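# Commentary on secondary and tertiary structure
Residues per chain are reported as follows:
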Amino acid sequence: MKTLIKNGLAYIEGAIVKMDILIEDTRIALIDNDITADADEVIDAAGMHVFPGFVDIHAHLRDPGQTYKEDIISGTRAAAKGGFTSVCAMPNTEPVVDNIATVDYIQRRARELGFARVFVIGAITKQSAGEEISEMATMKSGGVVAVSDDGKCVQNAKLMLNCMRYAVNYDLPVIIHAEDYHLAGKGQIHSGKIATQIGLSGIPALAEETIIARDIMLAESAKARLHIAHITTAKSLELVRRAKEQGLPVTCEVTPHHLLLNEEACLSFDTNTKMKPPLRSEKDRLACVEALKSGLIDCIATDHAPHADFEKVREFDHAPFGIIGFETAFPVLYQSLVLPGIIPLERLIEAMSTAPSKLLRLPESGIRKGNPADLTIVDLNQSSVFAAENILSKSKNTPWLDQTIKSKIIYTLLDGTFTFRAE
Ligand SMILES: [Zn+2]
């Protein structure tokens, strides 16, 4: 099986260049100026961009246990529609991924039925309850790529230190959802002027920052690789900057929503602006954008968090935190950060593909001869509409619902096979 992609603008080794790409079976066989080959399918990508398939290291596929929100099939189909070829599944499913059987289940389902590579992140503690260390050794032998109690946060520093020591033994990075429960309390949105104005209880920036400071110190002591999920505040970024300057293996990610929205979005009382960590101040948002640009923030992750309508369409106080992200991530970031010239296209692509795969030591991504043909082909001049009927996720909880956004994913290929074709 041969597929030839002609005349596309390809992201290769950090630059965007006009190149033809020949795929043979599952791999990239040739990259050259002008390829003529007998191919089974020729894609004329003139005027389009060819990127490495996007890699999302933070997603919730809700399978097993909450498949009314999403499952491995719907989740990976949605991922493919968003240009993603690899996703990492967070362990807060039912049951929690704290054992080898659940790791095996997810990997088997994904291999048999998935539209993307699925890498499993195991829990740090049993049931992510923050009380006992999970079965890291067997989970590692079963293929988990990291450990995290995402959605929750290990509150006990002594236990967290032990967990980090374990993780070092099994060469697993530790991904943290930084949230001090006492400081966060029953907060609904960022503790700031909007919370005061509309009378909702706040989640202070400090709830995130104190845990980041603590876990950097614990990781330094344990010699652990620490990755901070969905970072949101200027002070958090300052902590990461200092850790990096000391040469510690500390990395972080940011979500599209924290890059593009601030606390003022909550004035709408739209529960699709309710996330954890919450949308922060404009100053924090701008700090995140700047840190993405400079590389202080290593990569972008969606924190794709599907919730059903009956859960999200209710009073703000009672709605769950989180929004879906696979299908909107690239278009909204392209429209709001690249088009106005705030972030170069090349940096956005790196932060969505090669950087995250390197960070979690996933199989090498990037358009290079011999690599798996994991690609996404995007038309930056067309537009996409996030109407509920077009969304492939089972859940439709996105603040970008019904918006028309510049750029459109046209094809996604995984191992040389089309996992998505735009209509
Ligand atoms: Zn989280």
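Residues numbered from 1 in each chain as written. Predicted model: local features only at pLDDT ≥ 70, side-chain atom pairs only at ≥ 80, totals over all residues. Heavy atoms only, no water.

### Examining the overall build of the protein
Rules: Segments assigned H or I by DSSP are reported as helices when at least four residues long, segments assigned E as strands when at least two residues long, and all are numbered from the N terminus. The globule rule used here is 2.2 Å times the number of residues to the 0.38 power, and the radius of gyration it is set against is calculated over C-alpha atoms. Whether a residue is buried, partly exposed or exposed follows from its accessible area with a 1.4 Å probe, protein chains only, as a fraction of its type maximum: under 20%, in between, or over 50%, in that order. By definition, residues are in contact when any of their heavy atoms lie within 4.5 Å. For every accessible area listed, the method is Shrake-Rupley and the probe measures 1.4 Å; residues are considered covered only by the protein chains on display. Two residue types count as positive, namely Lys and Arg, and two as negative, namely Asp and Glu; His and chain ends fall outside the count. Note that the charge is assigned to NZ on lysines, CZ on arginines, CG on aspartates and CD on glutamates.
Check the secondary structure of the protein and you find 14 helices and 18 strands. For 423 residues, the compact-globule estimate of 2.2 N^0.38 gives 22 Å, and the C-alpha radius of gyration of the protein, at 21 Å, lies within 12% of that figure. Seen through its C-alpha atoms, the protein measures out along the principal axes to roughly 65 × 45 × 45 Å. Looking at the 423 residues of the protein, the share that counts as buried comes to 61%. Sequence-distant contacts, at least 24 apart, represent 75% of the contacts inside the protein between residues at least 6 apart. Summed over its atoms, the accessible surface of the protein is roughly 16200 Å², and 50% of this surface lies on carbon and sulfur atoms. Taking the average location of the 44 positive side-chain charges in the protein and that of its 55 negative ones, the two points are 3 Å from each other.

### Brief notes about the packing of aromatic side chains
Just so we agree on the cut-off: Stacked, tilted and edge-to-face are the three classes assigned to paired rings of Phe, Tyr and Trp, where Trp is represented by its six-membered ring and a pair needs centres within 6.5 Å; plane angles under 30 degrees give stacked, over 60 edge-to-face, the rest tilted.
In total, this model carries 10 aromatic pairs according to the counting rule given. Note on F54 and F330: the rings are 5.4 Å apart at their centroids and 20° apart in plane angle, and the pair reads as stacked. Here F54, found in strand 6 (residues 54-59), pairs with F330, found in helix 12 (residues 329-338); they are 276 residues apart in sequence, far enough to count as distant. This pair shows no difference in class: F54 is buried, exactly as F330 is. Ring centres 5.8 Å apart and planes at 55° place the aromatic pair F84 and F326 in the tilted group.

### Points about the sheet that holds strand 14 (residues 250-254)
For clarity, the cut-off: Two strands are said to pair when DSSP picks up at least two bridges between them.
Strand order in the open sheet formed by 8 strands is 6-7-8-9-10-13-14-15, with parallel pairing between adjacent strands. What marks the edges here is a single partner per strand, and that holds for strand 6 and strand 15 (299-300). One ladder, built from 2 bridges, connects strand 14 with strand 15; its direction is parallel. Bridge assignment links E253 to a residue of strand 15, and that residue is C299.

### Section: the pairing of strand 6
Threshold: The path from the first strand over the helix to the second decides the hand: if it runs clockwise while the strands point away from the viewer, the crossover is right-handed.
Of all 6 residues making up strand 6, 6 are buried, and the element is well covered by its neighbours. Summarising the sheet, strand 6 and strand 7 (residues 84-89) pair through 4 bridges and their orientation is parallel. Bridged to D56 within strand 7 is V87. On the question of chirality, the crossover connecting strand 6 to the parallel strand 7 by way of helix 1 (residues 72-81) is right-handed.

### Notes on helix 1
We apply this condition: For this analysis, a polar contact is any N or O atom pair within 3.5 Å, provided that within protein one partner can donate a hydrogen and the other can accept it, and provided that sequence-adjacent residues contribute only side-chain to side-chain pairs.
Burial runs high along helix 1: 8 of the 10 residues are buried. Inspection of helix 1 places I72, S74, G75, T76, A78, A79, A80 and K81 among the buried residues, and these make up the whole buried set. Buried positions along helix 1 lie against strand 7, helix 2 (100-113), strand 8 (117-122), strand 17 (404-414) and strand 18 (417-421). With a side-chain oxygen lying 3.0 Å from the backbone nitrogen of I73, the N-terminal cap of helix 1 falls on D71. A positive backbone phi angle near 90° is found at G83, which sits one or two residues after helix 1.

### Some points on the coordination of the zinc ion
This is how it is decided: Listed donor atoms are N, O and S within 2.8 Å of the metal (Na, K and Ca: 3.2 Å). As water is not included, a site may look incomplete.
Protein coordination at the zinc ion comes from D150 (OD), H177 (ND1) and H230 (NE2), with a distance range of 2.0 to 2.2 Å. Positions of the donor residues of the zinc ion along the chain correspond to the pattern D-x26-H-x52-H. Of this pair, H177 sits in the loop between strand 10 (174-176) and helix 5 (181-184) while H230 sits in the loop between strand 13 (226-228) and helix 8 (234-245), and the two are 53 residues apart along the sequence. Each member of the pair H177 and H230 is classed as buried.

### Some details on the environment of F386
Structurally, F386 can be placed in the loop between strand 16 (375-385) and strand 17. The sequence separation of F386 and L359 amounts to 27 residues, and the corresponding C-alpha distance is 30 Å. Setting aside its immediate chain neighbours within four residues, F386 contacts E327, T328, P331, V332, I391, W400, L401, D402, Q403 and I405.

### A look at the pattern of salt bridges
Put simply, the rule reads: Here, a salt bridge means any side-chain nitrogen of Lys or Arg that lies within 4 Å of a carboxyl oxygen of Asp or Glu.
Applying the stated criterion across every chain yields a total of 21 salt bridges. As a salt-bridge pair, E41 and R421 come within 2.9 Å of each other at their nearest N and O atoms. Placement of E41 in strand 4 (residues 41-44) and of R421 in strand 18 is noted, with a sequence separation of 380 residues between them. Notably, a salt bridge pairs D298 with K244, separated by 2.9 Å at the nearest N-O pair. One end of the pair, D298, is in the loop between helix 10 (282-294) and strand 15; the other, K244, is in helix 8, and 54 residues separate them in sequence. According to the relative accessible area criterion, D298 is buried, its value standing at 18%.

### Considerations on helix 2
Given 3.6 residues per helical turn, the α-helix brings residues three or four places apart onto the same face. Where we set the bar: A helix's residues, less one, multiplied by 1.5 Å, set its expected span. In this context, the arc is that of the directions from the helix axis out to the C-beta atoms.
Taking 1.5 Å of rise per residue, the 14 residues of helix 2 would be expected to cover 20 Å, and the 20 Å separating its terminal C-alpha atoms lies within 8% of that figure. All of the buried residues in helix 2 are T102, V103, I106, Q107 and A110. For helix 2, the angular spread of buried residues about the axis comes to 130°, placing them on one side. Among the exposed residues of helix 2, those oriented more than 90 degrees off its buried face are A101, R111 and E112. Where helix 2 begins, the capping side chain belongs to N99, and its oxygen is found 3.0 Å from the backbone nitrogen of A101.

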